[in-house]
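Here are the chains, one letter per residue:
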Amino acid sequence: SQKIEQNSEALNIQEGKTATLTCNYTNYSPAYLQWYRQDPGRGPVFLLLIRENEKEKRKERLKVTFDTTLKQSLFHITASQPADSATYLCALGTGGSYIPTFGRGTSLIVHP
Amino acid sequence: NAGVTQTPKFQVLKTGQSMTLQCAQDMNHNSMYWYRQDPGMGLRLIYYSASEGTTDKGEVPNGYNVSRLNKREFSLRLESAAPSQTSVYFCASSAATGQTNSPLHFGNGTRLTVT
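One structure accompanies this document, and this report is about it. Please read these numbers as outputs of a predicted model, since none were measured by experiment. (Residues numbered from 1 in each chain as written. Chains lettered and ligands numbered in written order. Predicted model: local features only at pLDDT ≥ 70, side-chain atom pairs only at ≥ 80, totals over all residues. Heavy atoms only, no water.)

Helix and strand counts for chain B stand at 0 helices and 11 strands. Counting helices and strands in the order they occur from the N terminus, chain B gives β-β-β-β-β-β-β-β-β-β-β. On C-alpha atoms alone, chain B measures out to a radius of gyration of 13 Å, which is about the 13 Å that the 2.2 N^0.38 rule sets for 115 residues. For chain B, the spread of C-alpha atoms along the three principal axes comes to 40 × 25 × 25 Å. Here chain B holds 115 residues, and 49% of them are scored as buried. A sequence separation of at least 24 residues applies to 55% of the contacts in chain B between residues at least 6 apart. Across chain B, the 10 positively charged side chains and the 7 negatively charged ones have centroids separated by 6 Å. (Helix = DSSP H or I, 4+ residues; strand = E, 2+ residues; numbered from the N terminus. Rg over C-alpha atoms; globule rule 2.2 N^0.38 Å. Buried < 20%, exposed > 50% of the residue type's maximum accessible area, 1.4 Å probe, protein only. Contact = heavy atoms within 4.5 Å. Lys, Arg positive; Asp, Glu negative; His and termini not counted. Charge placed at Lys NZ, Arg CZ, Asp CG, Glu CD.)

Right under this line is the structure:
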C-alpha cells in the first residue's frame, strides 16, 4: 500500500544549526512534493514545491531535495531560529491528481 | 485579503446532533477541500470540490455531506454527530484543477468535540 513516512519523534536542535527533516515514501510515483509548516492551533502554510524532474529547490534559508531513486525528500532549514519551531508536513501528488496526500508531520524544536 | 475563513472556531456537540461547518475563500480559487486532522493520523481528505457545482469523496467521507454553494463557499455538514468525528477540521482552497503546482491555502480550523 502507499505510504508516506515522516519521523514521528520531535527533532530538537540548537539555534544556528541546520535542521534536516525527512520524508520517505513507498509505492508512489509522485509528480511533485510540497512542504508545509503548521503552528499549534493554526492551519498548514505552504512553503515549497519541488517537481519530480528537479533535484533541489531553495527559498531563503530553506532547501528541499527530491531523490526519486531513494524515494525520499529532505527539507533543510539553515541557521535555524527558535521561531522555526513548528510541525513540518510533506505532501505528495501524482501526475494524475492535483490533490496531494499528506504525511503525518515532524515537530521541530529549536532551542535558544 | 482574509484567505480562507472557517466558522466556528470551536464547537461541542452531543452524539446525534447535527451541524454545518462553514468555509469561505476570497482568492477566486476553483478548488476547495475539507480535511480532518487527528493525532497520529495526519491530514485526511473528507471531500473536495474541483469547481462550483461539483463535489467528490475523499479518503474518509462517511458521516459527512458537503455543499459547494458558490465559488467562494464550501460547507461541511455532520447529520448525526458521533464521538469518532471529534477532530480538527480544516478547509483549504487551491488555484486550479489539473495543475500540479498549485499549493493549498488552509483556514485555521474548527475544533469539534462530540460527547
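Before going further, it helps to spend a moment on the overall build of chain A. Scanning chain A from terminus to terminus reveals 0 helices and 11 strands. Shown N-terminal to C-terminal, the secondary structure of chain A runs as helices and strands in the order β-β-β-β-β-β-β-β-β-β-β. Its C-alpha radius of gyration of 13 Å places chain A within 12% of the 13 Å reference for a compact globule of 112 residues. Overall size of chain A, expressed as C-alpha extent along the three principal axes, is 45 × 30 × 20 Å. Counting only residues that meet the buried cut, chain A has 44% of its 112 residues in that class. Surface summary for chain A: the accessible area is close to 5600 Å², and the carbon and sulfur share equals 46%. Each charge sign in chain A was given a centre, from 13 positive and 10 negative side chains, and these centres are 2 Å apart. (Areas by Shrake-Rupley, 256 points an atom, 1.4 Å probe, with all protein chains shown as cover.)

In this section: the packing of aromatic side chains. Applying the stated rule across the entire model yields 12 aromatic pairs over all chains. Consider the rings of Tyr33(B) and Tyr35(B), whose centres lie 6.4 Å apart with planes at 35°: the pair is tilted. The buried category is assigned to Tyr33(B), whose relative accessible area is 0%. Exposure remark for Tyr35(B): the relative accessible area of 1% places this residue in the buried category. Connected via pairs of aromatic rings, a cluster forms that spans Tyr36(A), Phe46(A), Phe102(A), Tyr33(B), Tyr35(B), Phe90(B) and Phe106(B). (Phe/Tyr/Trp six-rings, centres within 6.5 Å; stacked < 30°, edge-to-face > 60°.)

This part takes up the interface of chain A and chain B. On the side of chain B, 25 residues touch chain A, which itself brings 18 residues to the contact. Buried area between chain A and chain B, both sides added, is near 1700 Å², and the carbon and sulfur share of it is 58%. Area buried by chain A at its contact with chain B is led by Tyr98(A), Ile99(A) and Phe102(A), which between them contribute 35% of it. In this structure, the connection of chain A to chain B is made through 0 salt bridges. Joining chain A to chain B, the criterion identifies 6 residue pairs in polar contact (both at pLDDT 80 or more). Listing elements by their share of the side of chain A that touches chain B, those giving two or more residues are strand 4 (30–38) and strand 5 (45–51) of chain A. By residue number, the principal contributor to the side of chain A that touches chain B is strand 4 of chain A, which donates 4 residues. (Buried area = accessible area lost by both parts, 1.4 Å probe. Salt bridge = Lys/Arg side-chain N within 4 Å of Asp/Glu carboxyl O. Polar contact = N/O pair within 3.5 Å; in protein donor to acceptor, adjacent residues only side chain to side chain.)

With that settled, consider the state of the cysteines. Residue and element names in this part refer to chain B. Inspection of every chain in the model, using the stated rule, returns 2 disulfides over all chains. Between the sulfur atoms of cysteine 23 and its disulfide mate cysteine 91 the distance is 1.9 Å. As the torsion about the S-S bond is roughly -70°, the cysteine 23-cysteine 91 disulfide counts as left-handed. With cysteine 23 in strand 3 (residues 19–25) and cysteine 91 in strand 9 (residues 87–94), the pair connects residues that are 68 residues apart, well separated along the chain. A single burial state applies to cysteine 23 and to cysteine 91, both of which are buried. (Disulfide = S-S within 2.5 Å.)

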